[in-house]
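Remarks on the overall topology
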Amino acid sequence: MDIAAGLEVVASSVSVPLLLAVIAAILLVESGSVVGVLLPGSSIVLSLGMLVGIGTVPMLPAIGVVAVATTVGTQYSFLRAREQLVPFEVPRGLDGLTGGRLLRAVAATQRMSDRSPRAVSFGAPLVGGIRTLAPRFLALSPIRYQQFAGLSSLSALLWSVGLVSIGAIAGADDRIGTVVSFVGIPVVVLFVVVRRWRRRCDLDRFSAAISDR
């Protein structure tokens with residue numbers, strides 16, 4: 001059973017506020033705890049958008065819950081890391097669960113955070129995995145908390161609006177959820193834009209053919 005189908009089953013048996021509360025808790029862990037790298041945060045938000053598309057969940061509460069939970073998680077992660085001022089180390093057991101990929105992701109995130117902390121503050125919430133790790137490295141960079149908070153909060157809002165909206169438009173498509181899990185919202189946006197552009201081109205050609213007759 002895929003995530004979208006699972007959420008639909010849950011939504012049919014519990015109230016919408018409870019469903020949103022569960023999703024908020026998952027996103028808090030996904031963005032605020034190291035174990036969040038194992039959670040399919042983007043896929044869950046995309047699936048929530050699918051529920052919005054079929055009328056099960058209202059659009060604005062869905063966007064608000066996703067944005068607030070992700071923002072709170074990233075702020076907590078940043079503030080805790082800045083308070084401790086201890087270099088981040090990957091737990092061996094956790095890296096083993098990811099097949100060694102977590103160490104590579106940590107190294108890449110650290111390099112990006114050192115080079116462009118402002119860009120990473122804005123871009124990190126858009127990408128699964130990086131969203132979880134980046135605040136810990138940014139906390140050890142020279143960036144001021146106010147800058148991080150503003151950039152990451154804006155990015156989390158845009159991420160929630162975009163992904164929930166795309167889920168509502170695109171419908172239940174497992175391939176989209178898989179893409180989001182790995183590369184985040186930019187690829188999905190491109191996918192939807194290209195698909196809609198191709199449909200528009202087909203309609204234009206059809207209209208032109210009718211006019212020629």
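Above this text sits the structure in question.
These remarks concern the structure in this document. (Residues numbered from 1 in each chain as written. Predicted model: local features only at pLDDT ≥ 70, side-chain atom pairs only at ≥ 80, totals over all residues. Heavy atoms only, no water.)

1. Focus on the overall build of the protein chain
Helix and strand content of the protein chain: 11 helices and 0 strands. In the protein chain, the succession of helices and strands from N to C terminus is α-α-α-α-α-α-α-α-α-α-α. Within the protein chain, counting contacts between residues at least 6 apart in sequence, those at least 24 apart form 76% of the total. Accessible surface for the protein chain amounts to roughly 11,300 Å². Of this, 65% is attributable to carbon and sulfur atoms. (Helix = DSSP H or I, 4+ residues; strand = E, 2+ residues; numbered from the N terminus. Contact = heavy atoms within 4.5 Å. Areas by Shrake-Rupley, 256 points an atom, 1.4 Å probe, with all protein chains shown as cover.)

2. Description of the side chain of Q75
Tracing the backbone through its elements, the reader meets Q75 in helix α4 (residues 59–84). Residue class for Q75 comes out buried when judged on its relative accessible area of 9%. Apart from the residues lying within four places of it in its own chain, the contact partners of Q75 are Y145, F148, A149, S152 and S153. (Buried < 20%, exposed > 50% of the residue type's maximum accessible area, 1.4 Å probe, protein only.)

3. Considerations on the pattern of salt bridges
The final tally for this structure, using the stated rule, is 1 salt bridge. Across the salt bridge formed by R131 and E30, the nearest N and O atoms sit 2.8 Å from each other. Separated by 101 residues along the polypeptide, R131 in helix α8 (residues 130–138) and E30 in helix α2 (residues 16–32) bring together distant segments of the chain. (Salt bridge = Lys/Arg side-chain N within 4 Å of Asp/Glu carboxyl O.)

4. Comments concerning the packing of α2 against α4
Where α2 meets α4, the axes come as close as 8 Å, and the angle between the chain directions of the two elements is 30°. It follows from the interaxial angle that α2 and α4 lie roughly parallel. The handedness of the crossing between α2 and α4 comes out as right-handed. Where α2 abuts α4, its residues L20, A24, L27, L28, S31 and G32 lie against P61, A62, V65, V66, A69, T70, V72, G73, T74, Y76 and S77. (Axes fitted to C-alpha atoms, helices over the stretch in contact; angles between N-to-C directions. Parallel < 35°, antiparallel > 145°, perpendicular 65-115°, else oblique. Left-handed = near helix turned anticlockwise from the far one by under 90°.)

5. Looking at the side chain of T71
By the element assignment, T71 lies in helix α4. T71 gets classed as buried once you look at its relative accessible area, which sits at 17%. Each residue touching T71, except ones within four places of it in the same chain, is listed here: S153 and A156.

6. Thoughts on the nonpolar core
Core analysis: the biggest nonpolar cluster contains 22 residues, and V45, L48, V57, V66 and V164 have the highest contact counts within it. Going through the elements one at a time, α2, α3 (41–53), α4 and α9 (145–170) are the ones with two or more residues in this core. By residue number, the principal contributor to this core is α3, which donates 7 residues. If we ignore the near neighbours within four places in the chain, the residues touching V57 are V16, L19, L20, L48, L51, V52 and A62. (Core = buried A, V, L, I, M, F, W, Y, C linked by side-chain atoms within 4.5 Å.)

7. Focus on the packing of α2 against α8
The geometry of α2 relative to α8 is characterised by a closest axis approach of 7 Å and an angle of 50° between their N-to-C directions. Here α8 runs oblique to α2, going by the angle between their axes. Residues E30, S31 and G32 of α2 form the contact with α8, whose own contacting residues are R131, T132 and R136. For the contact of α2 with α8, the per-class residue count stands at no nonpolar, 3 polar and 3 charged. (Nonpolar A, V, L, I, M, F, W, Y, C, P; charged D, E, K, R; others polar.)

8. A short note on the packing of aromatic side chains
Tallied over the entire structure, the rule returns 2 aromatic pairs. Ring centres of F78 and Y145 lie 5.6 Å apart, and the angle between their planes is 35°; on these two criteria the pair is classed as tilted. Residue F78 is located in helix α4, and its partner Y145 is located in helix α9; the two are separated by 67 residues in the primary sequence. Classification of F78 by relative accessible area gives buried; the value is 0%. Taking relative accessible area as the criterion, Y145 reaches 28% and is therefore assigned partly exposed. A ring pair is formed by F78 and F148, whose centres lie 4.2 Å apart and whose planes are at 15°; its orientation type is stacked. (Phe/Tyr/Trp six-rings, centres within 6.5 Å; stacked < 30°, edge-to-face > 60°.)

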